[in-house]
Structure formats: structure tokens, C-alpha cells
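As a plain string of letters, each chain reads:
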Amino acid sequence: MTFRREQPKGCTLELVLCTSDFGSKFVMEEFAIDLNPSATVQLERLSTRERFAAYLELTKPRITFLIVLTAAAGFALSSPGSVDYAALVRAMFGIALLSSGIATLNQYMERDLDALMRRTVGRPLPSGKLLPWEALAFGVGLTVLAEVYLAIVVNPLTALLGLTVIAGYLFGYTPLKTRTSLSTMVGAFPGAVPPLIGWAAARGSISLEAWVLFAILFLWQFPHFLAIAWMYREDYSRAGILMLPVVEPDGRLTAQQIVIYTVLLLPVSLLPAALGISGKVYLYGAIVLGLLFLYSSVRAALSKSKQEARRLLLASVIYLPLLFILMVLNR
């Protein structure tokens, strides 16, 4: 179904819609605008506040907060003696900029896929609140600014680690999502880098302890993202995103991987106490948190239901911040 509306001064606005599997529902398939150099079409009349909110949504604030939290933990744990809070704030500002820029560019690259999924169709680009070039300019600007800032204000190693996140996430994980279910494994590597950046920001180097923090975050991502993938597997299938629950609908491998990675996470989460970067209170707390997380994973694996997957997702977003906060408080 195609709607064409002639705009003043030779502008053409064309909207192509197709029916989805839900019959009466419509999914935006293509949104094309032809403008001559002297003409402008306003897709949606947004106030300044609404446009700000749309740009803010591009940065995925909740994910950015979690990234900054794990990076701040890395900074605090690597600090010899008392934490330099001024340096901490400077470093976290740069990391927040970097995370926001990458999140924006990810949404720019996946705007067509987002338009096909119910959970993402309301995002700024598929909903038409912002144009693709606006998101691209915003994302590139934030990412470049973050890299320059980290290199000059913090140290070159943090900027170098930032480049690995950009390369791994935008040029590895994102394009692979429609090609192989192994994209989750690929994306887990850049996803686990924030504690390394925080550690490097405080010390200017990376040690074994920093890699333990990396390993904790790396393993945590699998039950977390597989729970999301199980909850929204129909959406992912519609968009052609090959998450594991999409390529094996019976959920057997998904259930196995959820439990296996959670089991592996439990002993790894105890290493900070063994290496002396955190104390006994953390050790006991990590055991309790790990067992509760494992309980949620096993329940989700056995039931293979969306309800238990949602509970596992909730458990994962509670587990990680509590683990890192406890680690820092008992350092």
C-alpha cells in the first residue's frame, strides 16, 4: 500500500506500508523523502523538549548507566588508596559519551530492522521523530568527541580500548545479527570492555584483576541476552535477526547455554576476593547472589516460558549492579 502526497515546491513525501503477520497491524517498511535543495518537509511537529527526548532516547540511557557503573567499579577497584573522585568523574563522562555515541550509531544502522519489531518500532528513527541523517550526525559527533576526550583528558589507553568497542560492536556484532547466532558471542567481547576502560583510566595499564572483571561481565551477558532473545523471539524472527531462540525454536540449546554460562559465572565472580581486590563480605555476598541468579537461570531453562525468561532478565539486571557495588564497598 503506497501513499503519495505532493508537498509545496516540488517536494514528494512517499510512505510505503505493508501488512504484518498480525493482519490489521501495519509495519513501516520504507520511508522515503524526496526534497529539492530549497524545500523542507517536517515529518512531525516536535517541540524542543520532545526533540531533546528523542535524541536522549537514541543514547539508551539505561544501558549507558549500566556501562558507566561497571566502568566506575573498575576505576575504584584499580585505585591505589583513596579514589580520585575528580578523575573518576572526568573518566565516566568520556565513557558515557562513548556509550551514547555507539548506541546512537547502532540505532542508525538497525533502523530498518527496528521498524519491523513491535518492541522497537516506537524508537526515534522508525517512528519518524528524527531523520536518519540527524541520528548519524549525532552519533558520529558523540563518538568522535568521546575518543578525542578520552585520549586527551584521561589517557590514550582508554581511547584505544574505546576503539575496540566501536569496532567490535558496530562492525562486528551489529552486522552479524542477521547472519549468524554467534553474533551474541562476538558482541559479548566489546560488551565486557567497560571495566577495562575504567581500570585503565585510573592506572594507565591493565592487570590480571581487570581481566577478571572483564570475564564476569562477559559471562553475565549470555543469560541476560538469551532471556531477552527468548522473550522477543517472534520479533527477532520477523526482522531476520538470528538470535539462538530463532534458529532453534524448541529452546534446548538456549536453555543449556543459559545454565552453563551462569554456572561458569559463579566461580569467576569469586576471584576478586581470591585476588585481594575485594574482601570476605563480598565473597559471601557473591556466593548468595550467584546462587540466586543460578536458581533463576535453571527455572527459566526448565520452563522455557516467557514469564520465567522475564524473571531471569530481572534477576540479571539486579545481580550485576549489586555484585559490582558490593565489590567496591568491600575493596
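Residues numbered from 1 in each chain as written. Predicted model: local features only at pLDDT ≥ 70, side-chain atom pairs only at ≥ 80, totals over all residues. Heavy atoms only, no water.

### A word on the overall build of the protein
Short version of the rule: Secondary structure is summarised from DSSP: a helix means a run of H or I of at least four residues, a strand means a run of E of at least two, and numbering begins at the N terminus for each. Only protein chains enter the accessibility calculation, which uses a 1.4 Å probe. A residue is then buried if its area is under 20% of the maximum for its type, exposed if over 50%, and partly exposed in between. In this analysis, two residues are considered to be in contact whenever any of their non-hydrogen atoms come within 4.5 Å of each other. For accessible areas, the Shrake-Rupley method is used with a probe of radius 1.4 Å. Any residue's cover is judged against the shown protein chains and nothing else.
Per the secondary structure count, the protein includes 15 helices and 3 strands. Sorting the 331 residues of the protein into buried and exposed places 50% on the buried side. Counted over contacts in the protein with a minimum sequence separation of 6, partners at least 24 positions apart contribute 68%. Entry remark: accessible area of the protein is about 16,200 Å², with carbon and sulfur atoms responsible for 65%.

### Looking at the side chain of T254
Structurally, T254 is set in helix α12 (residues 252-268). On the basis of relative accessible area, T254 is assigned to the buried category, the value being 2%. For T254, the contacting residues outside a window of four places in its chain are L226, W230, L244, P245 and E248.

### Section: unusual backbone geometry
Even without being glycine, K60 reaches a positive phi, approximately 50 degrees. Structurally, the position occupied by K60 is in the loop between α1 (48-58) and α2 (61-78). Under the relative-accessibility criterion, K60 is labelled buried at 16%. The backbone of K304 shows a phi angle near 55 degrees, a positive value even though the residue is not glycine. The residue K304 is located in the loop between α14 (280-303) and α15 (306-329) in this model. A residue is classified by how much of its surface remains accessible, and K304, at 34% relative accessible area, is partly exposed.

### Here's the deal with the confidence of the model for the protein
We apply this condition: Within a predicted model, pLDDT stands for the predictor's per-residue confidence, ranging from 0 to 100.
Averaged over all residues, the pLDDT of the protein is 88; the fraction at 70 or higher stands at 87%. Every residue in residues 1-44 scores below 50 in pLDDT, and together they form 73 contacts with partners more than four places removed in sequence or on other chains.

### Observations regarding the nonpolar core
Condition: As used here, the term nonpolar core means buried Ala, Val, Leu, Ile, Met, Phe, Trp, Tyr and Cys residues forming a set that is joined through side-chain atoms within 4.5 Å.
Counting 78 residues, the largest nonpolar core has F75, M92, I216, Y236, Y319, L323 and M327 as its most contacted members. At 16 residues, helix α9 (residues 208-231) tops the list of elements feeding residues into this core. The residues touching F75, leaving out its near neighbours within four places in the chain, are V83, D84, A87, L88, A91, M92, G198, W199, A201 and A202. In terms of nonpolar packing, the next biggest core, distinct from the first, is built from 5 residues, A54, L58, L130 and A135 among them.

### Quick notes on α14
What counts, and what does not: Every helix has an expected span of 1.5 Å times one less than the residues it contains.
With 24 residues, α14 extends 35 Å from end C-alpha to end C-alpha; this agrees with the ideal 34 Å at 1.5 Å per step. Within α14 the residues assigned to the buried category are Y282, G285, A286, L289, G290, F293, L294, S296, S297, A300 and A301. Looking at the buried residues of α14, the elements they touch are α9, α12, α13 (271-274) and α15.

### Notes on the environment of L46
Tracing the chain through its elements places L46 in the loop between β3 (26-34) and α1. With 83 residues separating them along the chain, L46 and K129 place their C-alpha atoms 7.6 Å apart. Among residues more than four places away in sequence, those in contact with L46 are R51 and K129.

### Here we look at the packing of helix α5 (residues 132-154) against helix α6 (residues 156-176)
Condition: Here an angle of 0 to 180 degrees is reported between the N-to-C directions of two axes, which are lines fitted to C-alpha atoms, with helices fitted over the stretch in contact. The labels follow the angle: roughly parallel below 35 degrees, roughly antiparallel above 145, roughly perpendicular from 65 to 115, and oblique for the rest. Gly falls in the polar group here, along with every residue not listed as nonpolar (Ala, Val, Leu, Ile, Met, Phe, Trp, Tyr, Cys, Pro) or charged (Asp, Glu, Lys, Arg).
Two numbers describe how α5 lies on α6: the axes approach to 6 Å, and their chain directions differ by 155 degrees. Overall, the two elements α5 and α6 adopt an arrangement that is roughly antiparallel. Residues T143, E147, L150, A151 and V154 of α5 pack against P156, T158, A159, G162, L163 and I166 of α6. Per-class residue counts for the contact of α5 with α6 are 7 nonpolar, 3 polar and 1 charged.

### Details of the packing of aromatic side chains
Condition: The pairing test for Phe, Tyr and Trp rings, Trp by its six-membered ring, is centres within 6.5 Å, and the orientation test on the planes gives stacked under 30 degrees, edge-to-face over 60, and tilted for anything in between. Charges are assigned to positions over rings by a cutoff of 6 Å between ring centre and Lys NZ or Arg CZ, combined with an angular limit of 35 degrees from the ring normal.
This model, assessed by the stated rule, comprises 9 aromatic pairs. Centroid distance F189 to F218: 4.8 Å. Interplanar angle 55 degrees. Geometry classified as tilted. Linking F189 in helix α7 (residues 183-191) with F218 in helix α9, this pair joins segments that are 29 residues apart in sequence. Exposure remark for F189: the relative accessible area of 41% places this residue in the partly exposed category. Residues W211 and F214 carry aromatic rings whose centres are separated by 5.3 Å and whose planes lie at 70 degrees to one another, so their mutual orientation is edge-to-face. Of the two residues, W211 and F214 both sit in helix α9, 3 residues apart, roughly one turn of that helix. The class of W211 is partly exposed, set by a relative accessible area of 44%. Judged by its relative accessible area of 12%, F214 is buried. These aromatic residues form a ring-pair network of at least three members: F189, W211, F214, F218, F222 and Y261. Sitting over the ring of Y108, R111 keeps its end group 4.3 Å from the ring centre. Over the aromatic face of Y232 sits the side chain of R119, whose NZ or CZ is 4.6 Å from the ring centroid.

### Focus: the pattern of salt bridges
For clarity, the threshold we go by: Here a salt bridge means any side-chain nitrogen of Lys or Arg lying within 4 Å of a carboxyl oxygen belonging to Asp or Glu.
Per the counting criterion, the structure on display carries 8 salt bridges. With a closest N to O distance of 2.8 Å, E134 and R51 form a salt bridge. Separated by 83 residues along the polypeptide, E134 in helix α5 and R51 in helix α1 bring together distant segments of the chain. Taking the relative accessible area as the measure of exposure, R51 reaches 29% and is therefore partly exposed. R123 is the salt-bridge partner of D114, the closest N and O atoms lying 3.2 Å from each other. Residue class for R123 comes out buried when judged on its relative accessible area of 18%. Connected via shared salt-bridge partners are R118, D235 and R238.

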